[in-house]
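Each chain is listed here by its residues.
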Amino acid sequence: MNKNFILLSTLVLVSESVIAHGLPEQTPDETILIEGYRANNLGQTISVSEGEISDIEIEVRPMLRTGELLEFVPGMVVTQHSGSGKANQYFLRGFNLDHGTDFNTQIDGMPINMRTHGHGQGYTDLNFIIPELVKSIHYQKGTYYAELGDFSSAGGATFNLKNQLTHPQISLSLGEDDYQRVFAADQVKIADGTLLLGVEHQTYQGPWTDIDEDIQKLNANIRYVTKVADGDLSVTFMAYDNSWNSADQIPTRAVEQGLIDRLGSIDNDVGGSASRYSLSAQWQNKHWQTSAYWIRSELDLFSNFTYLLDDPTQGDEFKQVDSRDIFGGSVSYNQLIKLAGYNVKQTVGAQLRIDDIADVGLYHSQNAQATAAIRADEVEERSLGLFYQLQADLTEQLSATAGLRYDHFDVDVNSDLAANSGSANDGLASVKLALNYQINEQLASYFNIGQGFHSNDARGATIAIDPQSGEAATPVDLLVQSEGAEIGLRWFNNQKFNISTALWLLQLDSELLFVGDAGNTEASRPSRRYGFEVSAYYWFNPSWSLDTELAWSHSRFRDQVADEGNYIDGALPFVASMGISYTPADLGWRGSVRYRYFSARALESFNEVKADSTQTVNLAVAYQWQHFKLGLDCLNVFNSTDHDIDYYYASRLSGEPEAGVEDIHFHPLEPRTFRLHLSYLF
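Each value, and the rule that gives it
- Residue numbers here run from 1 along each chain, matching the order of that chain's written sequence.
- Local features are withheld for residues below a pLDDT of 70 in this predicted model, meaning they are given only at 70 or higher, and side-chain atom pairs are given and counted only at 80 or more; totals for whole chains, interfaces and linings count all residues.
- Calculated side-chain values reflect all of the structure's heavy atoms, with hydrogen atoms and water omitted.
- The way it works is that DSSP assigns letters per residue, a run of H or I at least four long becomes a helix, a run of E at least two long becomes a strand, and they are numbered from the N terminus.
- Two things to know: the radius of gyration comes from C-alpha atoms, and the globule rule equals 2.2 Å times the number of residues to the power 0.38.
- When a residue's accessible area, from a 1.4 Å probe over protein chains only, is under 20% of the maximum for its type it is buried; when over 50% it is exposed; and in between it is partly exposed.
- What makes two residues a contact is simply this: any of their non-hydrogen atoms within 4.5 Å.
- At least two DSSP bridges between two strands are required for those strands to pair.
- By convention a nonpolar core is built from buried Ala, Val, Leu, Ile, Met, Phe, Trp, Tyr and Cys residues, the set being connected through side-chain atoms within 4.5 Å.
- The pLDDT value tells you how sure the predictor is about a given residue, anywhere from 0 up to 100.
- Side-chain atoms alone can form a polar contact between residues adjacent in sequence; in general such a contact is a pair of N or O atoms within 3.5 Å, and within protein one must be able to donate a hydrogen while the other accepts it.
- Only one rule defines a salt bridge in this text: a Lys or Arg side-chain nitrogen within 4 Å of an Asp or Glu carboxyl oxygen.
- Stacked, tilted and edge-to-face pairs are distinguished by plane angle, under 30 degrees for stacked and over 60 for edge-to-face with tilted covering the rest, among Phe, Tyr and Trp rings (Trp via its six-membered ring) whose centres lie within 6.5 Å.
- Charge over a ring is defined by NZ of Lys or CZ of Arg lying within 6 Å of the ring centre and within 35 degrees of the ring normal.
- A residue counts toward a patch only above 30% relative accessible area and without a salt bridge, and it is joined to like-charged neighbours within 9 Å or, for Val, Leu, Ile, Met, Phe, Trp and Tyr, to nonpolar neighbours within 5 Å.
- Reported accessibility uses the Shrake-Rupley method at a 1.4 Å probe radius. Residues are deemed covered only where the shown protein chains occlude them.
- Note that His is not counted, nor are the chain ends; the positive residues are Lys and Arg, and the negative ones are Asp and Glu.
- A single reference atom marks each charge: NZ on Lys, CZ on Arg, CG on Asp, CD on Glu.

Engineer: What exactly am I supposed to notice about the overall build of the chain here?
Structural biologist: Along the backbone of the chain there are 4 helices and 37 strands. Scaling as 2.2 N^0.38, a compact globule of 682 residues should have a C-alpha radius of gyration of about 26 Å, and the chain matches this with 25 Å. Its C-alpha atoms give the chain principal-axis dimensions of about 70 × 60 × 45 Å. When burial is assessed residue by residue, the chain has 57% of its 682 residues classed as buried. Pairs at least 24 apart in sequence give 66% of the contacts found in the chain among residues at least 6 apart.

In structure tokens form, the structure reads like this:
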């Protein structure tokens, strides 16, 4: 069915429903309670690196891409090295997380990270999320949380969807480079519950010289919320479909030699398509939390990072495929008990996930057509996670939390090369401990220590022969442990400030690294990183606020390998984010200006080749009167020509030596662009 027809039909239904049902409005002078950074978390979290982001804060921040929702996590950097339809690149706590290798991301009880994925382990594509329908983001950094399992060494974030709209609305956004976006949402009462409907359609050509991105993104959410027994039930259907052309990273020498400009491309035939459909249900009451979900996810991706290095005749373009169904659910129970004379909250839970991967493959391709299979597999991957946690107030000021987690994985790989078919399984126990001492009403201290893990690609756990070289290959461990520790302070005054500091340490038994000339992630060497973070939020008055987030990190491999250094490719030593926001409770003007900086970093293990630092400024202003809201975003205000991301590897252009040329390959920041938003709030 035509996407535009679906969009138009949905808009008509939304408009008719709003008019017919006359839903209650929020009065213009009604005070909005702002939570998130302003919430008092003293004694409410088990670490200083845990917090909540509200929908009010999401609404006022200018964003170029949906994936930048994760930049609300203090110290997180979100970039892109290819087309806008792909998962973003993420950086946190000295990790180049690639597309999500060590950061656990969930939405509405469903996992987002993809295991054994065609484009990279832990693949985290957020393009299916409609920002206006996110109620809050709960983030946790570190390895200290018993409920977090796979991909949680650096931490995790949970997106919580809205159960009710403040206002049904229709919004239209227009911008340079043919940016167009329509969003509409409504809610209707059905029986004893509420049905919430939302739809988003976006098109975009991009600023690129040789490629029109031709983004065609469609998102739809249907969510029903009601009371069942003594708890709250939500049932959610989400649909996402997207296609695009990619402006991939380009070699520096091609720009310096005048072969292309900084917004140009070497291969103009690359791009992809993706879809995600899901049905989920959650029910919870005072003691129980349960969820169940089904996800259908597909990706076809064409890339070319080395051009003529491997095949000077046909070129090095390749296709990556991923098609899967994911089934799973979770259940947890909490209660207060007496233990050794103390009041203790105990929580016990179980999490089940099954990835039924019908096709995960890598193919040679030309002109966006697959020509020959390099490797094609069917994989079934099953995991069961069990966790138990105790929280006790030992004194009026001191509380302790202890957690224990066990995860078991089973994988079956059916490969087109019989030698690489097989089964593997692994189990891993993780221990967590947290202490929280409240010094006074405004100051609390934290100590945390714990273990986490990430899973490796199931194909790497059964591999016998490398399909590209034909040589013998050694299987990797299916599960890889990490250990972390942290001490921190939080100083909070509800009227003036919220300041957190953390000194942390983390080490992994095996690093997952992006390999630029292969377009995938591979298990690598053991690593250690440590760092210091400061997050400060200051309110001049109820309307004006200033926030500053600074993060330093030191990241190195722990072992010594011949002909290799100990620097970790792409790890960011320093990240800074600052913003000033004006968000009055009443109608009228509001706005935000934000500055982001991330430092120069090593691009290879000897630190002899480095990427330059990157800085950007984004601005958003809006005016609301009665039912109308008009907004303007200016992204990359000063038209910075810095790089979004950099890699260092060998590629070959026409006329170059057979061995190719090692070079920095970069994806530029998008030039300054303006976007206008007009909304009608019913």
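Engineer: What should I look at first to understand the pairing of strand S10 (residues 179-190) in this one?
Structural biologist: Within S10, 9 of the 12 residues are buried, which leaves the element mostly enclosed by the surrounding structure. Direction of pairing for strand S9 (residues 169-175) relative to S10: antiparallel, over a ladder of 7 bridges. Paired with leucine 172 across the two strands is valine 182, which belongs to S10. Between the antiparallel neighbours S9 and S10 lie 3 residues, among them aspartate 177 with a positive phi of about 60°. In the sheet, S10 pairs with strand S11 (residues 193-204) via 11 bridges, with the strands oriented antiparallel. Of the residues in S11, the one forming a bridge with alanine 184 is valine 199. Turn length for the S10-S11 hairpin, with the two strands adjacent in sequence and antiparallel, is 2 residues, and the turn residue alanine 191 shows positive phi of about 55°.

Engineer: Explain unusual backbone geometry to me, please; I cannot follow it from the model alone.
Structural biologist: Negative phi values dominate among residues other than glycine, just as trans dominates among peptide bonds. Residues other than glycine seldom take positive phi values, yet aspartate 108 does so here, at roughly 50°. Considering the arrangement of structural elements, one finds aspartate 108 in the loop between strand S5 (103-107) and strand S6 (110-111). Exposure remark for aspartate 108: the relative accessible area of 5% places this residue in the buried category. Positive phi outside glycine occurs at alanine 191, with the angle close to 55°. Within the secondary structure, alanine 191 sits in the loop between S10 and S11. Exposure remark for alanine 191: the relative accessible area of 74% places this residue in the exposed category.

Engineer: Would you take a moment to explain the sheet that holds strand S4 (residues 95-96) for this structure?
Structural biologist: The pairing of strands in a sheet happens through backbone hydrogen bonds and is either parallel or antiparallel. Strands sit in the order S2-S3-S4 across an open sheet of 3 strands; the sheet is antiparallel. Two strands close off the open sheet at either side, each with one partner strand: strand S2 (77-79) and S4. Two strands pair when backbone bridges link them, and S2 and strand S3 (residues 89-92) are joined in this way by 3 bridges, in the antiparallel orientation. Considered in S3, the bridge of valine 78 is made with tyrosine 90.

Engineer: Before we go on, may I ask you to explain the nonpolar core in this structure?
Structural biologist: Soluble globular proteins tend to pack their nonpolar side chains together in the buried interior. Judged by nonpolar contacts, the single largest core of 45 residues is most densely connected at Leu70, Met76, Phe103, Ile107, Ile137 and Phe159. Those elements giving two or more residues to this core turn out to be S3, S5, strand S7 (134-141), strand S8 (155-161), strand S13 (231-245), strand S16 (288-303) and strand S24 (497-508). Looking at this core, the element that brings in the most residues is S16, giving 4 residues. Excluding residues that lie within four positions of it along the chain, methionine 76 makes contacts with Leu70, Glu71, Tyr90, Phe91, Leu92, Leu97 and Phe103.

Engineer: Help me understand the sheet that holds S7, please; the structure alone is not making it clear to me.
Structural biologist: Ordered by their spatial adjacency, 5 strands build an open sheet running S1-S7-S8-S5-S6, and the pairing between neighbours is mixed. Single-partner strands in this sheet number two, and they are strand S1 (50-54) and S6. Judged from the 5 bridges that link them, S1 and S7 form a sheet pairing that is antiparallel. Following the sheet pairing, glutamate 52 is matched in S7 by histidine 138.

Engineer: Would you explain the confidence of the model for the chain in this entry?
Structural biologist: For any part of a model where pLDDT is low, the fine detail of the predicted coordinates should not be relied upon. Per-chain confidence: the chain averages 91 in pLDDT, with 93% of residues scoring 70 or above. Between residues 1-34, whose pLDDT stays under 50, and residues either more than four places distant or in other chains, the model counts 39 contacts.

Engineer: Could you clarify how one ought to interpret the environment of asparagine 104 in this entry?
Structural biologist: Inspection of the secondary structure assignment puts asparagine 104 in strand S5. A residue is classified by how much of its surface remains accessible, and asparagine 104, at 9% relative accessible area, is buried. Expressed as a C-alpha distance, the spacing of asparagine 104 and glycine 149, which sit 45 residues apart in the sequence, is 7.7 Å. Contact partners of asparagine 104, with chain neighbours within four places excluded, come to Asn113, Leu148, Gly149, Asp150, Phe151, Ser152, Gly155, Gly156 and Ala157. Only 2.8 Å separates the side chain of asparagine 104 from the backbone oxygen of aspartate 150, close enough to count as a polar contact.

Engineer: When you look at the pairing of strand S30 (residues 588-598) in this model, what are you seeing that I'm missing?
Structural biologist: Within a regular beta strand, the side chains point alternately toward one face of the sheet and then the other, so they alternate between its two faces. Here strand S29 (residues 574-582) pairs with S30 via 8 bridges, running antiparallel. Residue valine 575 lies in a different strand from S30, and its bridge partner there is phenylalanine 598. In this antiparallel pair of consecutive strands, S29 and S30, the connection spans 5 residues. As judged from the 11 bridges shared by S30 and strand S33 (residues 614-625), these two strands associate in the antiparallel manner. Opposite arginine 590, over in S33, you have alanine 622 as the bridge partner.

Engineer: Teacher, can you tell me more about the pattern of salt bridges here?
Structural biologist: When their charged atoms lie close together, side chains carrying opposite charge are able to pair. What the rule picks out here adds up to 30 salt bridges. The shortest N-O distance in the salt bridge between lysine 162 and aspartate 55 comes to 3.7 Å. Taken together, the positions of lysine 162 in the loop between S8 and S9 and aspartate 55 in helix H2 (residues 55-60) put the pair 107 residues apart, joining distant regions of the chain. Taking relative accessible area as the criterion, lysine 162 reaches 15% and is therefore assigned buried. What makes aspartate 55 buried here is its relative accessible area of 15%. Residue aspartate 644 is joined to arginine 65 by a salt bridge in which the shortest nitrogen-to-oxygen separation is 2.9 Å. Within this pair, whereas aspartate 644 is found in strand S35 (residues 643-651), its partner arginine 65 is found in the loop between H2 and S2, the two being separated by 579 residues in sequence. Residue aspartate 644 is classed as buried on the basis of its relative accessible area, which comes to 2%.

Engineer: Please clarify how the side chain of glutamine 89 should be interpreted in this entry.
Structural biologist: Topologically, glutamine 89 is positioned in strand S3. Given a relative accessible area of 0%, glutamine 89 falls into the buried group. In terms of polar contacts, glutamine 89 uses its side chain to reach the side chain of histidine 81, at 3.4 Å. Of note is the side chain of glutamine 89, whose polar atom sits 3.0 Å from the side chain of histidine 99. In this structure glutamine 89 touches Val77, Val78, Thr79, Gln80, His81, Asn96, Asp98, His99, Ile645 and Tyr647, once residues within four positions along its chain are discounted.

Engineer: Would you take a moment to explain the packing of aromatic side chains for this structure?
Structural biologist: Working definition: an aromatic ring pair is given by the centre-to-centre distance plus the angle between the planes. Counted by the stated rule, this structure contains 16 aromatic pairs. An aromatic cluster is built from Trp589, Tyr623, Trp625, Phe628, Tyr680 and Phe682, whose rings are joined through pairwise contacts. We note arginine 61 situated over the ring of phenylalanine 72; from NZ or CZ to the ring centre the distance is 4.0 Å.

Engineer: Help me understand a negative patch on the surface, please; the structure alone is not making it clear to me.
Structural biologist: A contiguous patch of negative charge, built from Glu176, Asp177, Asp178, Asp212 and Asp214, is present on the exposed surface. Residue classification places aspartate 214 among the partly exposed residues on the basis of a relative accessible area of 32%.

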